[in-house]
Amino acid sequence: MSSQRTMAVVGAGVIGLSWARLAHRHGWRVAITDPRPDLGELVAAEFGSDDRVSWTADLTEAVRSADLVQENGPERLAVKQQLFAEILRAAPADAVLATSSSSITASLIAADLDNAGRILVGHPFNPPELMPLVEVLPGKKTDESTVTRAVALYSELDRVPVVIRKAMPGFVANRLQMALSAEARYLVQSGVVSVEDLDTILQNSLGLRWATIGLFEGNVLGGGPGGARHLFAGVGAEVELGKPSADPEAREQLIESIENAYGSGEQNYRRLVDKRDRRTNAVLEALAKVDDRPAVHASPNV
Ligand SMILES: NC(=O)c1ccc[n+]([C@@H]2O[C@H](COP(=O)([O-])OP(=O)(O)OC[C@H]3O[C@@H](n4cnc5c(N)ncnc54)[C@H](O)[C@@H]3O)[C@@H](O)[C@H]2O)c1
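Since the structure is predicted, the reported quantities are computational estimates derived from the model, not experimental observations.

S.K.: What should I look at first to understand unusual backbone geometry in this one?
M.R.: Across the chain, the bulk of peptide bonds are trans and the bulk of non-glycine residues have phi less than zero. Cis geometry marks the peptide bond from Asn126 to Pro127; its omega dihedral reads -10 degrees. Positive phi outside glycine occurs at Asp158, with the angle close to 60 degrees. Looking at the element boundaries, Asp158 is found in the loop between helix 6 (144-156) and strand 8 (160-163). With phi around 60 degrees, Asp292 is a residue other than glycine that occupies positive phi space. Assignment of secondary structure puts Asp292 in the segment after helix 13 (266-290).

Encoded structure:
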């Protein structure tokens with residue numbers, strides 16, 4: 001990195017604060033903006049008094065010196081369109097302007113904006129400071145040079161950016177998650193397996209496998225020396241997958257089963273966050289060690 005970078009974090013909710021912690025941990029300056037009245041206390045609670053971190057309710061001021069503007073406001077098109085119109089006017093000409101949006105494309109955000117070549121989606125997996133993936137989705141107006149710069153900036157933050165050229169609802173990672181979640185809910189609702197047992201099955205099979213090798217890579221191994229060609233030719237029976245019930249009562253029952261298994265409420269949330277962070281960091285560290293490269297740590301207590 002040639003000079004100190006600055007990330008402007010627009011929207012200091014769950015995702016925005018996590019981006020802020022990631023950038024801060026990597027030595028960047030962080031400028032945070034959000035209209036919430038408790039922004040000052042929130043930033044002080046996270047970062048204490050640190051001259052690399054600033055906060056302001058004024059969007060224009062926050063993005064003025066940014067290399068990367070990461071927008072994490074509410075998931076509403078009109079809000080994002082208004083935010084990006086202002087960001088475009090105020091951010092430096094060479095800044096990358098990214099939205100964390102899980103579903104709103106850069107094409108929609110930039111539909112009525114001129115000179116929108118710097119806008120794209122940089123969609124993290126929650127929380128961005130812990131999960132390496134960033135799905136980078138250019139829109140119709142995005143310049144190729146913006147895609148290149150976004151990939152470079154996310155790489156400086158030790159993330160793993162993947163450029164996705166065709167926007168589909170849910171992009172890629174969430175579509176995969178939705179497909180698996182639908183079958184999991186169906187299996188629990190059908191009485192095949194309990195909530196806890198489903199999670200035990202997943203963690204001790206697919207979860208572990210996919211943290212270490214890819215799905216298609218696993219297909220090669222699944223076919224033995226004959227590889228994916230052999231596997232696709234018919235090892236394993238075809239099954240028809242189920243659909244979870246849309247009935248409100250069945251949905252309520254499922255939620256109750258999940259809450260019975262894992263609890264609910266603020267204190268419980270903190271406990272689960274702590275468990276997730278410790279275990280995810282342990283996996284990332286172990287993988288870095290076996291691959292003989294430096295480990296990238298997330299801060300504890302995300
Ligand atoms: N939560 C997730 O799992 C997740 C994962 C990936 C991406 N995302 C995306 O990240 C974005 C933020 O999600 P979140 O879960 O952090 O939401 P959140 O509700 O926790 O935070 C949103 C923040 O935006 C602030 N805000 C409201 N109006 C604003 C404005 N005009 N300017 C700046 N900030 C404003 C709110 O005060 C709040 O602090 C969404 O676009 C969402 O799709 C969320």
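Still to come is the rest of the account.
S.K.: What exactly am I supposed to notice about a nonpolar patch on the surface here?
M.R.: On the surface, Leu180, Trp210, Leu215 and Phe216 cluster together into a nonpolar patch covering about 420 Å² of accessible area. Position of Leu180 relative to the elements: it lies in helix 7 (residues 173-189).

S.K.: I keep staring at the domain arrangement of the protein and nothing clicks. Help me out?
M.R.: Structurally, the protein comprises domain 1 (6-163), domain 2 (173-262) and domain 3 (265-302). Taking only C-alpha atoms into account, the centre of domain 1 sits 23 Å from that of domain 3. In this assembly, eleven residues from domain 1 lie in contact with ten residues from domain 3. Between domain 1 and domain 3 the total buried area reaches about 780 Å² when both faces are included, carbon and sulfur atoms providing 67% of it. Counting across the interface, domain 1 meets domain 3 through zero salt bridges. Linking domain 1 with domain 3 are zero residue pairs in polar contact (both at pLDDT 80 or more), by the criterion used here. For the side of domain 1 that touches domain 3, the class distribution of residues is four nonpolar, two polar and five charged.

S.K.: Just checking my understanding: could you explain the nonpolar core for this structure?
M.R.: A general tendency of soluble globular proteins is for nonpolar side chains to be buried together. Met7, Trp28, Ile32, Leu68, Leu120, Tyr154 and Leu157 are the most contacted members of the largest nonpolar core, which totals 27 residues. Looking at this core, the elements with two or more residues in it are strand 1 (6-10), helix 1 (14-25), strand 2 (29-33), helix 2 (39-47), strand 5 (96-99), strand 7 (133-138) and helix 6. A per-element tally of this core places helix 1 first, with five residues. Dropping the residues within four chain positions of it, Leu120 is found in contact with Val96, Leu97, Ala98, Thr99, Ala106, Val136, Leu137, Pro138, Thr142, Thr146, Val147 and Ala150. In this structure, Ala8, Ile87, Ile109 and Phe171 belong to the second largest nonpolar core, which totals 26 residues.

About the criteria used
- Residues numbered from 1 in each chain as written.
- Predicted model: local features only at pLDDT ≥ 70, side-chain atom pairs only at ≥ 80, totals over all residues.
- Heavy atoms only, no water.
- Helix = DSSP H or I, 4+ residues; strand = E, 2+ residues; numbered from the N terminus.
- Patch = residues over 30% accessible without salt bridge, like charges linked within 9 Å, V, L, I, M, F, W, Y side chains within 5 Å.
- Areas by Shrake-Rupley, 256 points an atom, 1.4 Å probe, with all protein chains shown as cover.
- Salt bridge = Lys/Arg side-chain N within 4 Å of Asp/Glu carboxyl O.
- Domains from an automatic or database assignment.
- Contact = heavy atoms within 4.5 Å.
- Buried area = accessible area lost by both parts, 1.4 Å probe.
- Polar contact = N/O pair within 3.5 Å; in protein donor to acceptor, adjacent residues only side chain to side chain.
- Nonpolar A, V, L, I, M, F, W, Y, C, P; charged D, E, K, R; others polar.
- Core = buried A, V, L, I, M, F, W, Y, C linked by side-chain atoms within 4.5 Å.
- Buried < 20%, exposed > 50% of the residue type's maximum accessible area, 1.4 Å probe, protein only.

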